[in-house]
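Topology and contacts: notes
Listed below are the residues making up each chain.
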Amino acid sequence: MAGIYIHIPFCKQACNYCDFHFSTTRKHQQAMVEALCHELSLRASEVDSTVKTIYFGGGTPSLLTGTQLDLIFKSIFDHYLVEKNAEITLEANPDDLTIEYLKTLSARSFNRLSIGVQSFFEDHLQFMNRAHNATQAIESVKKAMQFFNNSSIDLIYGVPGMSISQWQENLQKAIDLGVSHLSCYALTIEPNTALANMISKGKVMPIDEDLAKEHYEYLLDFTARHGYINYEFSNFGKPGFFSKNNTAYWQGESYLGIGPGAHSYDGTTRSWNLANNIKYIKSLKEGKRPFTREQLSVQDRYNEYMMTGLRTMWGVSIDQVQQRFGHEYSDYLIEQSKELIEDALLKFTDGVLHVTKKGKFLSDGIAAQLFWV
């Protein structure tokens, strides 16, 4: 078992671009914490190895109180064998990271923070409908560094109207603050979000793919110059500071997803919990987990390996494809990759396929061309 992911489905307000499962109504927060603990106890038998990572995601996990965190940790440590040096991460919003709350976190088992900065520019934050302002973005990272040397920040690029100089300034601020890890994501239009609605009504400019590509290419060069390694398409870490949670996910290791809407994966099956807070809480009170399970075929697993492997610095191994899926798949992959290699979008070195710098921004499309269909 690579890790446990715990989904905290509450936010102060809805970001315009977000399509994750959450609620801005927090009156059921304590009942949700109790339900999470019930699910953790119910599913302990699914884990037959030590837990290497624990990740509190959301939503906004930094809305949890110290007492609520204690309840969740007690349920984890009572029912699971956690490695001594396990990576334990909490996603936090800048406006929640007061000195008092940082003391609360550091007094518990957390050893890593992921801070949802998104931008250091006030107009960008307002455009995204973030709950924090630019001053809080900077101050939260400064304060967090006093308690956690392993801290990451999220930044979003490709925002309509964002100049390359503004993107450079965002990155430079992150470097100046001394963070050891960056997660950088292109702004995307998800169905049924406020952003999608604003674009459809002509209130906001559509996303410019060429602008996003320009931002991403600058990101690659900038981070490399400052000693960060692009170990996965969106993730950049100083040596020794790669996210173990992210690494495990992209390398196809198993994980347990706890909470409404959370997904789990064991190598051959995927399951996901019902994304409804009230129904989730009610079911867990009755001792049942409301979920759907999917058995993954060999084709599914091969395609997932293409999608995840090509996004990483470790690439896709022909030997692994042969061992895991058979000669038919490895022969197919070699044949399908020839044209992509000729076009300098893929390179083949020591039996491993990697996306080239030229092909990086096209990684998902390149993977799709290698799918077994």
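Along each chain, residue indices are assigned from 1 in the same order as the chain's sequence is written. With the structure being a predicted model, the display of local features is reserved for residues of pLDDT at least 70 and the display and counting of side-chain atom pairs for 80 or more, all residues being used for whole-chain, interface and lining totals. Where side-chain values are given, they derive from all heavy atoms of the structure, hydrogens and water being excluded.

Helix and strand definitions follow DSSP, with helices as H or I runs of at least four residues and strands as E runs of at least two, each counted in order from the N terminus. Multiplying 1.5 Å by the residue count of a helix minus one yields the expected span of that helix. With 17 residues, helix α8 (residues 209-225) should cover 24 Å at 1.5 Å per step; its first-to-last C-alpha distance of 25 Å lies within 8% of that length. A 1.4 Å probe rolled over the protein chains alone gives each residue an accessible area, and that area as a share of the maximum for its type sets the label: buried under 20%, exposed over 50%, partly exposed in between. The set of residues buried in α8 consists of Leu211, Ala212, His215, Tyr216, Tyr218, Leu219, Leu220, Phe222 and Thr223. With its phi angle positive at about 85°, Gly227 sits one or two positions after the end of α8.

Our next topic: the pairing of strand β3 (residues 82-92). Across 5 bridges, the pairing between strand β2 (residues 51-58) and β3 is parallel. Bridging from a neighbouring strand, Phe56 pairs with Leu90 of β3. Of the crossover connections in this fold, the one passing from β2 over helix α2 (residues 66-79) to the parallel β3 is right-handed. Whether two strands pair comes down to DSSP finding at least two bridges between them. The pairing of β3 with strand β4 (residues 112-118) spans 4 bridges and is classified as parallel. Following the sheet pairing, Ala92 is matched in β4 by Ile115. Assignment of crossover handedness uses the view with strands pointing away from the viewer, where a clockwise path from the first strand over the helix to the second indicates a right-handed crossover.

Note on placement: Ser183 falls in strand β6 (residues 181-186). The residues contacting Ser183, other than those within four sequence positions of it, are Ser152, Ile153, Asp154, Leu155, Ser234, Asn235 and Asn246. By definition in these notes, contact holds between two residues if any of their heavy atoms fall within 4.5 Å.

To continue, consider a nonpolar patch on the surface. The residues that make up patches have over 30% relative accessible area and no salt bridge, and they are joined within 9 Å when like-charged or within 5 Å when they are Val, Leu, Ile, Met, Phe, Trp or Tyr. Values of accessible area rely on a 1.4 Å probe in the Shrake-Rupley scheme; residue burial ignores everything except the protein chains shown. Between Lys or Arg on one side and Asp or Glu on the other, a salt bridge is scored when a side-chain nitrogen of the former is within 4 Å of a carboxyl oxygen of the latter. Residues Ile229, Met313 and Trp314 make up a contiguous nonpolar surface patch of about 230 Å² in total accessible area. Structurally, Ile229 can be placed in strand β7 (residues 229-232).

On to the nonpolar core. Nonpolar core, defined: a set of buried Ala, Val, Leu, Ile, Met, Phe, Trp, Tyr and Cys residues in which side-chain atoms within 4.5 Å join the residues together. With 78 residues, the main nonpolar core has Ile6, Phe56, Ile72, Ile153, Leu155 and Leu182 as its most contacted residues. If we skip the residues at most four places from it in the chain, Phe56 touches Ile6, Pro61, Leu64, Leu69, Ile72, Phe73, Thr89, Leu90, Glu91 and Phe110. Among the nonpolar cores identified, the runner-up in size contains 20 residues, and Met306, Val321, Leu340 and Ala367 belong to it.

With that settled, consider the packing of aromatic side chains. Aromatic rings from Phe, Tyr and Trp, taking only the six-membered ring of Trp, are treated as a pair when their centres fall within 6.5 Å; an angle between ring planes under 30 degrees marks them as stacked, one over 60 as edge-to-face, and anything in between as tilted. For the structure shown, the criterion picks out 22 aromatic pairs. An angle of 25° between the planes, with centres 6.0 Å apart, marks the rings of Phe73 and Phe77 as stacked. Note that Phe73 and Phe77 are positioned in helix α2 at a spacing of 4 residues, about one turn of the helix. Under the relative-accessibility criterion, Phe73 is labelled buried at 5%. Judged by centre distance (4.9 Å) and plane angle (90°), the ring pair of Tyr249 and Trp250 falls under edge-to-face. Taking the relative accessible area as the measure of exposure, Tyr249 reaches 40% and is therefore partly exposed.

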